[in-house]
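Observations on the model geometry
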Amino acid sequence: SKRAIHWQEFGWHKLNQELPRQVPADGADFEGSVAYHRFVAEMFFWPARYRQVCGQDVSNSYQQHLLSMADYTEAYTRPDGLVPLSGDADDGRVLPFGGQSLNDHSYLPDLMRAGGEIFASVAARGEIFWTYGAENSSEKNKTTPTSRCFTDVGSYIMASEQDHVFIDCGPVGYADRGGHGHNDCLSFEAYLDGVSLITDSGTYVYTASYEERNAFRSTAAHNTPVINGEEQNRFVSDAELFQLQNDAIPEIREWISSDVEDIFVGAHSGYQRLAQPVTPVRKIVLEKALHRLVVSDQFEGEGAHAVVIPFHFAPGCEIVEVTQNLWSLKTSEREFHLCTGNSGAWLWRVSSGWISPSYGKKIERSVLEFYSEGQLEKLTIGIYPTEHA
């Protein structure tokens, strides 16, 4: 009918209008959330797929945007198919056909690249089967992961066949209003030699609990320095759960990637508002052949400050002190070491924290915190498999 044709044309026009607004050229959804990137990618993909099946046109520009979203998804997905808990997540999907876990995005790049042989997990291949047919759901060899940077959203990804380090050094999200973004500038997740070691905390809930909502999106819930107990981006109010002040303006100082190692150096302005301003500067180095990671924090500023640097470990990772400045990280699969060569200016404590792998669910896990009060001091840690000490 004429009315149906009108709505079809109106809807498709709006999608074409919104896609470049919400997804910059580098392919990352502007909200600054990995989970919402997947949800939005599916929202833009399925109408295009439907039009193709019906013999309707899908512009080259629209298709290129979808391909760029696929590239970003492929880059942030770990070798095991799972993804970082960066930003909000409410488990939203459009048409979930596969039986994979909620945090398995391995199907999405191939879904958006018009099918073909895939390297998604067995459970995730259902997405391709139901979308393109059995002939297009066979497995292929996985391509070698490569390190990538996505400057619009501020994601810096160090990758090799067995390593994946996801670093956030981007804006707060939703056009600098907060939205589904968290206080996670300079935070990172580390998957080394096939083992998940350090992760962000996830989302847990939205309006079901104001206190839990703000706790899970706080600076302290991420692997990034906290100065004087302040948030890097101030909360607008205790009741405003989807907005943040735009305090932490990211600054990229260095990004070098090679087959041997990746180097990232970044900073942010979130603590310039203090009476004695401080700029946190973080350097992260991944040594690929031996799966060794270095994280070095220094602070530009004057005066005495209270600084806490938390490292949130994956569930099941046990932290045991071996000697002074050396800890054992034991998981069910492997043992790693964490070491620091710093002076007594830094003290440490192991506490209990939470991770939310899916909406409304939280699991207890260990957090190692380094803390210092007084003049600003540098802290450098190293994490590596014990056999590569």
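So, here's what we can say about the structure. Here the structure is a predicted model, which means the values were calculated and not measured.

Counted under the stated rule, the structure contains 18 aromatic pairs. Summarising the aromatic geometry, the rings of phenylalanine 188 and phenylalanine 311 are spaced 6.3 Å apart at their centres and angled 65 degrees between planes, so their arrangement reads as edge-to-face. Of this pair, phenylalanine 188 sits in strand E4 (residues 188–192) while phenylalanine 311 sits in strand E11 (residues 304–312); the two residues are 123 residues apart in sequence, bridging distant segments of the chain. An angle of 65 degrees between the planes, with centres 5.3 Å apart, marks the rings of tyrosine 206 and tyrosine 359 as edge-to-face. Taken together, the positions of tyrosine 206 in the loop between strand E5 (195–198) and helix H6 (210–216) and tyrosine 359 in the loop between strand E15 (347–358) and strand E16 (361–375) put the pair 153 residues apart, joining distant regions of the chain. Given the relative accessible area of 10%, tyrosine 206 is considered buried. Aromatic ring contacts, followed pair by pair, group Phe188, Phe311, Trp327, Trp348 and Phe370 into a single cluster. The residue whose ring lies beneath arginine 349 is tyrosine 371, and the NZ or CZ to ring-centre distance is 4.0 Å.

Moving on, we come to empty space enclosed by the protein. If you walk through the whole model with that rule in mind, you get four cavities of 30 Å³ or more. Taken as a whole, the largest cavity spans an internal volume of roughly 220 Å³. As for the largest cavity, its lining consists of 25 residues, and the residues nearest its centre are Ala35, Asp88, Ala89, Asp91 and Asn103. At the level of elements, helix H2 (34–53) and E15 are the ones that each hand at least two residues to the lining of the largest cavity.

Attention now goes to the sheet that holds E15. Across the sheet, four strands lie side by side as E6-E11-E16-E15; this open sheet has antiparallel pairing. Only two strands of the sheet have a single neighbouring strand rather than two, namely strand E6 (226–227) and E15. Sheet topology note: the E6/E11 ladder contains two bridges and is antiparallel. Looking at the pairing, valine 226 lines up with valine 308 of E11.

Criteria and thresholds
Residues numbered from 1 in each chain as written. Predicted model: local features only at pLDDT ≥ 70, side-chain atom pairs only at ≥ 80, totals over all residues. Heavy atoms only, no water. Phe/Tyr/Trp six-rings, centres within 6.5 Å; stacked < 30°, edge-to-face > 60°. Helix = DSSP H or I, 4+ residues; strand = E, 2+ residues; numbered from the N terminus. Buried < 20%, exposed > 50% of the residue type's maximum accessible area, 1.4 Å probe, protein only. Lys NZ or Arg CZ within 6 Å of the ring centre and 35° of its normal. 1 Å grid on protein atoms, 1.4 Å probe; cavity = no way out; pocket = protein on both sides within 12 Å on 5 of 7 lines; lining within 4 Å. Points joined across faces, edges and corners; volume = space filled by probe spheres on them. Pairing = 2+ DSSP bridges.

Take it as geometry only, folks, not as evidence of what the structure does.
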